[in-house]
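So the chains spell out like this:
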Amino acid sequence: MSSIDMGQRARTGGLIGIVRQPLVWLGLALIILVVLLSLPLTIAIGPMYWDTYLYIDAAQRIANGQIPSVDFIAPVGPLAYYLFKWGLSLFPNAQLLLLAQWCLLAVTAPLMALVVADVAKRNVSLAFALLIPFLIFTICPANVKFYHAFPGLDGFGIYNRHGIELLYVLTSGLLFLKQGRKLAWFCALAMLALFLVKITAFIAGGMIGLVAILAGRLKWTDVLLAAVIFAVPLIAIEITTGFVSAYLGSIAELIGINEGGILGRFLGAGSSKLDVVLPLGIIAVMLGWSLLSGSEQHVKFFDRSFWWLAVAIVAGTFYETQNTGSQEYIFVWPVLLVIWGRLMGAPQRSRQLFLALAAFACVPSVSVVLYKTIRSVVVMPTYESLDLPIVRNMERVASRPEIVDMAKLLVDHYIEYPEPYAALAAKGHLPSWQYFSELDFQLFWVLTVARGAEAVLAFEKENNVHLDSLMALDFTSPMPWILNRVPTKHIQIGADPMRTIPEMSEETKAAIEATDGVLRAKCPSMPARTDIETIYKAALTDRVVVPIDACWDLLVRPGILPS
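Residues numbered from 1 in each chain as written. Predicted model: local features only at pLDDT ≥ 70, side-chain atom pairs only at ≥ 80, totals over all residues. Heavy atoms only, no water.

Engineer: When you look at the pairing of strand β4 (residues 469-472) in this model, what are you seeing that I'm missing?
Structural biologist: Side-chain direction in a regular strand flips from residue to residue, so the side chains alternate between the two faces of the sheet. Neither face of β4 is exposed, since Ser469 and Met471 on one face and Leu470 and Ala472 on the opposite face are all buried. Bridge count between β4 and strand β5 (residues 486-487): two bridges; the pairing is parallel. Within β5, the residue paired with serine 469 across the bridge is valine 486. (Buried < 20%, exposed > 50% of the residue type's maximum accessible area, 1.4 Å probe, protein only. Helix = DSSP H or I, 4+ residues; strand = E, 2+ residues; numbered from the N terminus. Pairing = 2+ DSSP bridges.)

This is the structure:
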């Protein structure tokens, strides 16, 4: 063979060798995401998309020195809010949903890289089998459950997706990383991230970790090391800011507000994902029979497949009680890979049955998330975007032209006909049963926010005043970020009077009274808006009410306007 042929084969082998490295694909994916975040992209708006604006609300609060749980109540942990805020500094043109979805990769990608690199040394195919689902679910901003027939990316339940993605990473590490200090560090960092993302995800992770300890995958010295690594940063944060106690206190407060519906939530979680739980349950029964028959005698008792799958089902169902149909049960995938590896010596019929049931449990979630994401990208050339530069990055959403036209029509409609919607709100009803899932409402809401921002600026110019601080009597309050004002302290983000707003404290009352301008949305009247204003009524009594726009009233703090 000539030297040229040998050199060509070496180059080809080197290229193939690089392509076969899972970490190369992970790195390439991250580079592509960084490029996409650097571009002023527009995406198809989805149902309940206004959840996305909770992140810019939190980012503005953090930028003004507020600490989550200490200075404002949040329904979840602070990690993603800080990552989003830092990401917005790096990528000021980023599409907001994409940044909110991908910001957690700053934590999950290094942890997953650790797992994939370790597994690739033994089995490259297995490493790819772990990496590919991780990339699909972390990249695609889509939930498994459908709330609207038209294409659109899901801007709600983002923190639920973050929690489930971290559980996928934790489960992968517990099952596939070798024992030792590396695994201890991995578990500590993963559990710390879970604690700082969502407490129910942390508890679910604790269930999986307990089985790992019982199975002997974590030695007690490793458990102790992981506990120290986990606790030290939290102790330091608590001493310097008081965050941890405030965080746990706010969680207890939210549990108190929501305690009445826990049974319904368990039933809802199980029934809504029966297509996943049923095949997993059948596999669990099969594994339970194997456990009783002793077919896995070569494996430690609590390391047997039944326990891993059972805890995954229980932990997933528990997590789903506080979830909103996001990417449920995806962390069962690593468990199924372990079970499949142990079935290599089993009869062919058993392996075929397992594959069929595993496919029923896993394929729908992957296919739906991919389908919704790809479909939303494909239709974008036919979609119409908004032109509202005053709301900054919030304008980068689009929908079908007829839906955009309907959203614009709704602005005039609600102004001209307020009475029917006020009557519905007085009886505790919205204009439709799934009002917040309607795409025209989500677009209409952005249109009215733009009107409100313009009206505030016009009011300030006309009266020669500047409102340093702002808040809104609505579910989300992006106005301080849009106009770069100070958000009100000690009020929660994601204001749901039924689920997230506690009784007004003296601290909250004083903070609202000190706020220069409180915005009251009027298009249309909604029960939640009325209830929010009722909760804060005692802090708003002396306000000067100025109708700055047909859709907005501005409640001005006494002393702002000239007498």
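Once the structure has been displayed, the description carries forward.
Engineer: I would appreciate a short explanation of the sheet that holds strand β2 (residues 384-385) in the present structure.
Structural biologist: By way of backbone hydrogen bonds, the strands of a sheet pair with one another, either parallel or antiparallel. The strand order across the open sheet built from three strands is β1-β3-β2, with neighbouring strands paired in mixed fashion. Sheet topology places β1 (43-44) and β2 at the edges, where each strand pairs with a single neighbour.

Engineer: Can you walk me through the nonpolar core in this structure?
Structural biologist: Soluble, globular proteins show a tendency: their nonpolar side chains are buried together. Ranked by size, the top nonpolar core spans 174 residues in total, and within it Phe84, Leu309, Leu336 and Met394 carry the most contacts. When near neighbours in sequence (up to four residues on either side) are disregarded, leucine 336 contacts Leu280, Ile283, Leu309, Phe354, Ala358 and Cys362. Counting 12 residues, the second-largest nonpolar core is a separate cluster that includes Met471, Ile501, Val518 and Leu555. (Core = buried A, V, L, I, M, F, W, Y, C linked by side-chain atoms within 4.5 Å. Contact = heavy atoms within 4.5 Å.)

Engineer: Honestly, the side chain of arginine 304 in this entry has me stumped. Any pointers?
Structural biologist: Along the polypeptide, arginine 304 turns up in the loop between α14 (274-293) and α15 (305-320). Residues contacting arginine 304, with those up to four places away along its chain left out, are Leu291, Glu296, Gln297, Val299 and Arg342.

Engineer: Which parts of the structure should I look at to understand the sheet that holds β4?
Structural biologist: In space, the five strands of this open sheet follow the order β5-β4-β6-β8-β7, with mixed pairing throughout. Of all the strands in the sheet, just β5 and β7 (544-549) have a single pairing partner and so form its edges. Here strand β6 (residues 517-521) pairs with strand β8 (residues 552-556) via five bridges, running antiparallel. When the sheet's bridge partners are listed, arginine 520 is paired in β8 with aspartate 553.

Engineer: I'm lost on the pairing of β6 in this one. Help?
Structural biologist: Burial runs high along β6: five of the five residues are buried. Burial along β6 is two-sided: the face carrying Gly517, Leu519 and Ala521 and the face carrying Val518 and Arg520 are both buried. Bridge count for β4 against β6 is three bridges, and the pairing is parallel. Counterpart to leucine 470 in the pairing with β6 is glycine 517.

Engineer: In this structure, what is going on with the packing of α15 against helix α16 (residues 332-342)? I would like to understand it.
Structural biologist: Angle between the axes and distance between the axes are the two parameters that describe a pair of packed helices. Running from amino to carboxyl end, α15 crosses α16 at an angle of 165 degrees, the nearest separation of the two axes being 10 Å. Taken together, the axis directions place α15 and α16 in an arrangement best described as roughly antiparallel. Helix-helix and strand crossings are classified by hand; for α15 and α16 the assignment is left-handed. Where α15 approaches α16, its residues Ser305, Trp308, Leu309 and Ala312 are matched on the opposing element by Val332, Val335, Leu336, Ile339 and Arg342. (Axes fitted to C-alpha atoms, helices over the stretch in contact; angles between N-to-C directions. Parallel < 35°, antiparallel > 145°, perpendicular 65-115°, else oblique. Left-handed = near helix turned anticlockwise from the far one by under 90°.)

Engineer: Honestly, helix α2 (residues 22-38) in this entry has me stumped. Any pointers?
Structural biologist: Every α-helix winds through 3.6 residues per turn, so residues three or four apart in the chain are directed the same way. In this model, α2 (17 residues) spans 25 Å end to end at C-alpha, consistent with the 24 Å of a helix rising 1.5 Å per residue. Every buried residue of α2 is accounted for by Pro22, Leu26, Ala29, Leu33 and Leu37. On an axial view of α2, the arc spanned by its buried residues comes to 75 degrees, and they lie on one face. (Expected span 1.5 Å × (residues − 1). Arc of directions from axis to C-beta.)

Engineer: What am I meant to see in the state of the cysteines here?
Structural biologist: Chemically, a disulfide is nothing more than a covalent bond linking the sulfur atoms of two cysteines. Inspection of the entire model under this criterion finds one disulfide. Here cysteine 523 engages in a disulfide with cysteine 551; their sulfurs sit 2.2 Å apart. Its S-S torsion of about -90 degrees marks the bond between cysteine 523 and cysteine 551 as left-handed, since a negative value means left-handed. Of this pair, cysteine 523 sits in the loop between β6 and α23 (527-535) while cysteine 551 sits in the loop between β7 and β8, placing them 28 residues apart in sequence. The same class applies to cysteine 523 as to cysteine 551, namely buried. No disulfide involves cysteine 103; its sulfur sits 16 Å from the nearest other cysteine sulfur, which is in cysteine 140. (Disulfide = S-S within 2.5 Å.)

Engineer: Hey, could you run me through the environment of alanine 361 in this one?
Structural biologist: Tracing the backbone through its elements, the reader meets alanine 361 in helix α17 (residues 348-378). A sequence separation of 88 residues divides alanine 361 from lysine 273, and the C-alpha atoms of the two residues are 9.6 Å apart. Setting aside chain neighbours within four positions, we find alanine 361 in contact with Val276, Pro279 and Leu280.

Engineer: Quick question: what am I supposed to make of the side chain of glutamine 101 here?
Structural biologist: With respect to the secondary-structure elements, glutamine 101 resides in helix α5 (residues 96-102). Owing to a relative accessible area of 1%, glutamine 101 belongs among the buried residues under this scheme. One polar contact links glutamine 101 to glutamate 165, side chain to side chain, over a distance of 3.3 Å. (Polar contact = N/O pair within 3.5 Å; in protein donor to acceptor, adjacent residues only side chain to side chain.)

Engineer: I keep staring at the pattern of salt bridges and nothing clicks. Help me out?
Structural biologist: Should the charged atoms of two oppositely charged side chains come close, the side chains can pair. Tallying each qualifying case throughout the model produces 17 salt bridges. Between lysine 489 and aspartate 71 there is a salt bridge, with its nearest N and O atoms 4.0 Å apart. Of this pair, lysine 489 sits in the loop between β5 and α22 (506-513) while aspartate 71 sits in the loop between α3 (53-63) and α4 (79-90), and the two are 418 residues apart along the sequence. As a salt-bridge pair, aspartate 118 and arginine 122 come within 2.8 Å of each other at their nearest N and O atoms. Here aspartate 118 falls in the buried class, since its relative accessible area comes to 7%. (Salt bridge = Lys/Arg side-chain N within 4 Å of Asp/Glu carboxyl O.)

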